[in-house]
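Descriptive structure summary
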Amino acid sequence: MSDLFSLKDHVALVTGGSRGLGLAMAAAMAEAGALVVLNGRDPKTLDAAAGNLRARGLKADTAPFDVADFETASRAVASIAEKHGRLDAAVLNAGIQHRVPLLDWKTEDFRRVIDTNLTACFVLAREAARAMIPRGTGRIIMTGSIMGIVARPTIHGYTAAKAGLAGLCKTLAVELG
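Residues numbered from 1 in each chain as written. Predicted model: local features only at pLDDT ≥ 70, side-chain atom pairs only at ≥ 80, totals over all residues. Heavy atoms only, no water.

Side note on the packing of aromatic side chains
We count it as follows: Ring pairs are drawn from Phe, Tyr and Trp, using the six-membered ring of Trp, whenever the two centres fall within 6.5 Å, and their geometry is named by plane angle: stacked under 30 degrees, edge-to-face over 60, tilted for the rest. Only protein chains enter the calculation, and the probe is 1.4 Å; a residue is then buried if its accessible area is under 20% of its type maximum, exposed if over 50%, and partly exposed in between.
The tally for this structure, following the rule as stated, stands at one aromatic pair. On the basis of an interplanar angle of 70° and a centroid distance of 6.0 Å, the ring pair of Trp105 and Phe110 is categorised as edge-to-face. Residue classification places Phe110 among the partly exposed positions, given a relative accessible area of 33%.

Next up, the structure:
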């Protein structure tokens, strides 16, 4: 039964993996045997998080990049697959929030939230699929939110992005499943 959830010899990229939910997901995957590649924007925070996992006897690497820098993100996914010989899972968890009343929202703030929380997931999923399709296997996991279904004031970009993420997941499942 313990092999049922084994990730032995798997390589998993976890964006937003230096803290919070991302780090918790990465730790769980590492505990199941995966080599986790933690992503975030701050190399020092990433190194500390990966060091803590390694101190527990777990396998961890880092890939510092901004998921909203689409060219760099694309190259990073390819580099991870090349460096480790495979990419078995991409946990697309990185996200940002911007809370202000509607009339105070600037278009560039809306774009920044959409780019980070939705467009980056599309780009990273596409690039992860490039590494997974030839092998005939892989998992792309995206962190959604109840805010994609319900709403509350001041988080317009976040709500729109998470609703879009639900749709993106469906199209990817239909095409890649």
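So, next bit.
Topic: the packing of helix α4 (residues 107-132) against helix α5 (residues 156-176)
Selection rule: All axes are obtained by fitting lines to C-alpha atoms, using only the stretch in contact for helices, and the reported angles, taken between N-to-C directions, cover 0 to 180 degrees. Each helix is a run of DSSP H or I of at least 4 residues and each strand a run of E of at least 2, with the numbering of both proceeding from the N terminus. With respect to orientation, any angle under 35 degrees is reported as roughly parallel, any angle over 145 as roughly antiparallel, any angle of 65 to 115 as roughly perpendicular, and every other angle as oblique. For a crossing to be left-handed, the near helix must be turned anticlockwise from the far one by less than a right angle; the clockwise case is right-handed. We call two residues in contact when some of their heavy atoms are within 4.5 Å. Ten residue types, Ala, Val, Leu, Ile, Met, Phe, Trp, Tyr, Cys and Pro, are classed as nonpolar, four, Asp, Glu, Lys and Arg, as charged, and the remainder, Gly among them, as polar.
Running from N to C, α4 and α5 point in directions that differ by 15°, and their axes come no closer than 8 Å. When the axis of α4 is compared with that of α5, the two are roughly parallel. Note that α4 runs across α5; the crossing there is right-handed. Every residue of α5 that contacts α4 at Phe110, Val113, Ile114, Asn117, Leu118, Cys121, Phe122, Ala125 and Ala129 is listed here: His156, Gly157, Tyr158, Ala160, Ala161, Gly164, Leu165, Leu168, Leu172 and Leu176. Considered class by class, the residues forming the contact of α4 with α5 number 15 nonpolar, four polar and no charged.

Here's the deal with unusual backbone geometry
A positive phi angle is found at Asp9, which is not glycine, with a value near 70°. Residue placement: Asp9 occurs in the segment before β1 (11-14). Taking the relative accessible area as the measure of exposure, Asp9 reaches 46% and is therefore partly exposed.

Notes on the pattern of salt bridges
We apply this condition: In what follows, salt bridge is the name for a side-chain nitrogen of Lys or Arg lying within 4 Å of a carboxyl oxygen of Asp or Glu.
Taken as a whole and judged by the stated rule, the model has eight salt bridges. Among the salt bridges present, the one from Arg56 reaches Glu31, with a minimum N-O distance of 2.1 Å. Of this pair, Arg56 sits in the loop between α2 (43-55) and β3 (59-64) while Glu31 sits in helix α1 (residues 20-31), and the two are 25 residues apart along the sequence. When its relative accessible area of 48% is taken as the criterion, Arg56 is described as partly exposed. For Asp109, the salt bridge identified is with Arg112, shortest N-O distance 3.4 Å. Highlighted residues: Asp109 and Arg112, both in helix α4, separated by three residues, approximately one helical turn. When its relative accessible area of 15% is taken as the criterion, Asp109 is described as buried. Each of Arg86, Asp88 and Arg135 takes part in salt bridges that share partners, so that together they form one network.

Focus on the side chain of Lys162
Threshold: Charge counting follows a simple rule: Lys and Arg are positive, Asp and Glu are negative, and His as well as the terminal groups are ignored.
Positionally, Lys162 belongs in helix α5. For the buried Lys162, no salt bridge is present, and the opposite-charge side chain at shortest range is Asp66, 14 Å distant. The contacts of Lys162, once residues within four sequence positions are left out, are Thr143, Gly144, Ser145 and Gly148.

Notes on the nonpolar core
Inclusion rule: Among buried residues, those of type Ala, Val, Leu, Ile, Met, Phe, Trp, Tyr and Cys that are joined through side-chain atoms within 4.5 Å constitute a nonpolar core.
Among the nonpolar cores identified, the biggest contains 30 residues, and Phe65, Ile80, Leu87, Leu92, Leu124, Met142 and Leu168 are the most heavily contacted of them. When contributions to this core are tallied by element, the ones reaching two or more residues are β1, β2 (35-40), α3 (70-84), β4 (89-92), α4 and α5. Of all the elements, α4 adds the most residues to this core, at nine residues. Setting aside anything within four residues of it in sequence, one finds Leu87 in contact with Val11, Leu13, Val77, Ile80, Ala81, Ala128, Ala131, Met132 and Arg135. Core analysis: the next-biggest nonpolar cluster, separate from the first, contains 17 residues, Ala26, Ala30, Leu53 and Val91 among them.

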